[in-house]
Amino acid sequence: MFIDKVRIHVRGGDGGAGCMSFRREAHVPKGGPDGGDGGHGGNVIIKADGSLSSLVEYRFKHHFKAQRGTHGKGSRMHGATGDDLILRVPVGTVIHEYSEDSGEVGELIADLTHDGESVVVAEGGMGGRGNTHFVTSTRRAPAFAELGEPAKEGWIELEMKLMADAALVGMPSAGKSSLIAKMSAARPKIADYPFTTLVPNLGVATSGDLSFVVADIPGLIEGAHEGRGLGHEFLRHIERTALIVQVVDMTGDYEGRDPLEDYEIIKRELALYADELAQRPRIVVANKTDVAGTEEVVKALQECVLADSIEAAGGDEFAPSPIDPKLYEISALTGKGVEGLKAALATKVHELREAARRQEELAQDFDQVWELHRSERDKRFEVVEEEEGVFRVVGPQVERMVVQTDWDNEEAITFLQHRLKRLGVDDALARAGALDGDEIRILGYAFDYESPEGRVDVYQELDL
């Protein structure tokens, strides 16, 4: 089954809690703190696997969670780190953040275009620190430790786009499936009625020492860019192909269509779907030229292709153009002209690969870029006045600090107060207009606000 878009919920493993412990042995009267750290939770990792061809594994199972870290123990024994959960996807999978509530696709996380490429989509929580970490010159015996950090979680969208070098596009029954079968070992369903092909097919074609991957994209119709037929489902597979091969049926098929009009429709649909597809390298193929009476229309199509090539080059017929000025006349049925077409495609694909490789060397790593964005977002917080005299502090890092605090331990609460102050929460509350005695809320906890120079004390836990 061909599944090319799924949405799944991922959650890393929670971090283990740090241990509050003191060394207690004979002849060691002042052993001091020896609590071990909690283990870090495992990450959820998406990894591209060249052996996969669809996202069918995620059709029915939508929730995935990595292993949590174990708690620390005394004698400085640290908890074990949770195992990472690796989810394998086909090469060519694009990963976006996704909002289940609004149904909107968010920021790009990664575009996995190489076998073995991976990205962390849900980080495991950090293990809580044991009480050995909180020893200072004035606090010799800290009687508290951190709880484990909750893991990151959220919905993501996985969208597979075929990783083909060349994509065969055209109207239904233009002969695309017959052509890919003639050029490669692919064996798509071939029949004499429209929409025989309902899912894209891939084949590997070879010409001399060069080889390339060609995709047979199901037939497009007028209005495909607006989603008519299955336009959006098919057009997106063309987005990452280096070369577009537009196949035109020179007989007009049994419907008696005008080949020149078919050529214009497909050209227009590509441009309307995405502007850059209009400038994508393109080769035009006249198929079924073995049928008698197609000579005149072939000549007319050649003139159209030449005119479009010159226009795409800015009006200079001698300048490089993304559209090949040559019309390739073939018959996918008899094999006429197919070898020459394969040679042209192989050469063009080789040139485009080399150009793409040079660009990739200058590109930044998606994983690092997204991690940077995520880190910046985590540090941000905002103060919202919910009602007169009541303020709420919202932000991932602030909320994690609160969650990691043991609220039954006064020392742990005091330590949290210092952390919030260093983060700038006190100053932000003052700028927001908080006055002495106002209520400050973070998650399900409430605090009395005193002053930026003073301190905040927990006075109750809210039942929210």
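So, a few notes on the structure that sits alongside this text. Not measured: the values here are computed from a predicted model.

Analysis parameters
- The numbers attached to residues start from 1 for each chain and follow its sequence in the written order.
- Selection of residues for local features in this predicted model requires a pLDDT of at least 70, selection of side-chain atom pairs for listing and counting requires 80 or more, and totals for whole chains, interfaces and linings are taken over all residues.
- To get the side-chain values, take all heavy atoms of the structure and skip hydrogens and water.
- Starting at the N terminus, helices and strands are each numbered in turn, a helix being any DSSP run of H or I of at least four residues and a strand any DSSP run of E of at least two.
- Only protein chains enter the area calculation, which uses a 1.4 Å probe; residues under 20% of their type maximum are buried, those over 50% are exposed, and those in between are partly exposed.
- The criterion for strand pairing is that DSSP finds at least two bridges linking the strands in question.
- In this description, a line fitted to the C-alpha atoms serves as the axis of each element, helices being fitted only across the stretch in contact, and the angle between N-to-C directions of two axes falls anywhere from 0 to 180 degrees.
- The contact definition used throughout considers only heavy atoms, calling two residues in contact when any of these lie within 4.5 Å.
- Each helix should span, by expectation, one fewer than its residue count multiplied by 1.5 Å.
- Throughout this description, any angle smaller than 35 degrees is read as roughly parallel, any larger than 145 degrees as roughly antiparallel, any in the 65 to 115 degree range as roughly perpendicular, and the remainder as oblique.
- For this scheme, ten residues count as nonpolar: Ala, Val, Leu, Ile, Met, Phe, Trp, Tyr, Cys and Pro. Four count as charged, namely Asp, Glu, Lys and Arg, and the remainder, Gly too, count as polar.
- By convention in these notes, a salt bridge is any Lys or Arg side-chain nitrogen within 4 Å of a carboxyl oxygen on Asp or Glu.

Description of the environment of Asp-258
- Tracing the sequence through the fold places Asp-258 in the loop between strand E12 (243–249) and helix H3 (259–273).
- The class of Asp-258 is partly exposed, set by a relative accessible area of 38%.
- Along the sequence, Asp-258 and Val-297 sit 39 residues apart, while their C-alpha atoms lie 9.1 Å from each other.

Let's talk about the sheet that holds strand E13 (residues 282–287)
- An order of E10-E11-E9-E12-E13-E14 is seen for the six strands of this open sheet, with the pairing classed as mixed. Looking at the sheet topology across the chains shown, the edges are occupied by strand E10 (201–207) and strand E14 (323–329). The average angle at which neighbouring strand axes cross in this sheet is 25°, direction not considered.
- Here E12 pairs with E13 via six bridges, running parallel. Bridge pairing links Val-245 to Ile-283 in E13.
- Contacts from H3 reach strand E9 (166–169), E12 and E13 within the one sheet, and its direction differs from that of E12 by about 150°.

Examining the sheet that holds strand E4 (residues 85–90)
- Strand order in the open sheet made by the three strands is E4-E2-E7, with mixed pairing throughout. Only two strands of the sheet have a single partner each, and these edge strands are E4 and strand E7 (118–122). Direction aside, the axes of adjacent strands within the sheet are offset by 30° on average.
- Across four bridges, strand E2 (residues 44–49) lies against E7 in antiparallel orientation. In the sheet register, Lys-47 faces E7, and the bridge partner there is Ser-118.

Here we look at helix H9 (residues 410–423)
- Between the first and last C-alpha of H9 there are 20 Å, a value that for 14 residues agrees with the 20 Å anticipated at 1.5 Å per step.
- Turning to H9, its buried residues are Ala-412, Ile-413, Phe-415, Leu-416, Gln-417, Arg-419 and Leu-420.

Remarks on the packing of helix H8 (residues 396–403) against H9
- For the pair H8 and H9, the least separation of the axes is 10 Å and the interaxial angle reads 170°. By the angle between their directions, the pair H8 and H9 is classed as roughly antiparallel. Every residue of H9 that contacts H8 at Gln-397, Val-398, Met-401 and Val-402 is listed here: Leu-416, Arg-419, Leu-420 and Leu-423.
- For the contact of H8 with H9, a count of residues per class yields six nonpolar, one polar and one charged.

Focus: the pairing of E10
- As defined by bridge partners, E10 adjoins strand E11 (residues 210–216) across seven bridges and the pair is classed as antiparallel. Looking across to E11, one finds that Ser-207 is bridged to Leu-210.
- Taking the residues between adjacent antiparallel strands as the criterion, E10 and E11 are bridged by two residues, where Gly-208 takes a positive phi near 65°.

Overview of the pattern of salt bridges
- One pass over the full model with this rule turns up 16 salt bridges.
- Linking Arg-129 and Glu-146 is a salt bridge whose minimum nitrogen-to-oxygen distance equals 3.0 Å. Residue Arg-129 is located in the loop between E7 and strand E8 (153–160), and its partner Glu-146 is located in the loop between E7 and E8; the two are separated by 17 residues in the primary sequence.
- Its relative accessible area of 30% is what places Arg-129 among the partly exposed residues.

Describing the environment of Phe-144
- By the secondary structure assignment, Phe-144 is in the loop between E7 and E8.
- Take Phe-144: its relative accessible area is 2%, and that puts it in the buried class.
- Expressed as a C-alpha distance, the spacing of Phe-144 and Phe-134, which sit ten residues apart in the sequence, is 8.3 Å.
- Leaving out residues up to four positions away in the same chain, Phe-144 has contacts with Met-20, Asn-131, Phe-134, Arg-139, Asn-409, Glu-411, Ala-412 and Phe-415.

Let's talk about unusual backbone geometry
- A positive phi angle, near 60°, is found at Ser-75, a position not held by glycine.
- Note on placement: Ser-75 falls in the loop between strand E3 (63–65) and E4.
- For Ser-75, a relative accessible area of 55% corresponds to the exposed category.
- A positive phi angle is found at Arg-76, which is not glycine, with a value near 60°.
- Within the secondary structure layout, Arg-76 lies in the loop between E3 and E4.
- Residue class for Arg-76 comes out exposed when judged on its relative accessible area of 52%.

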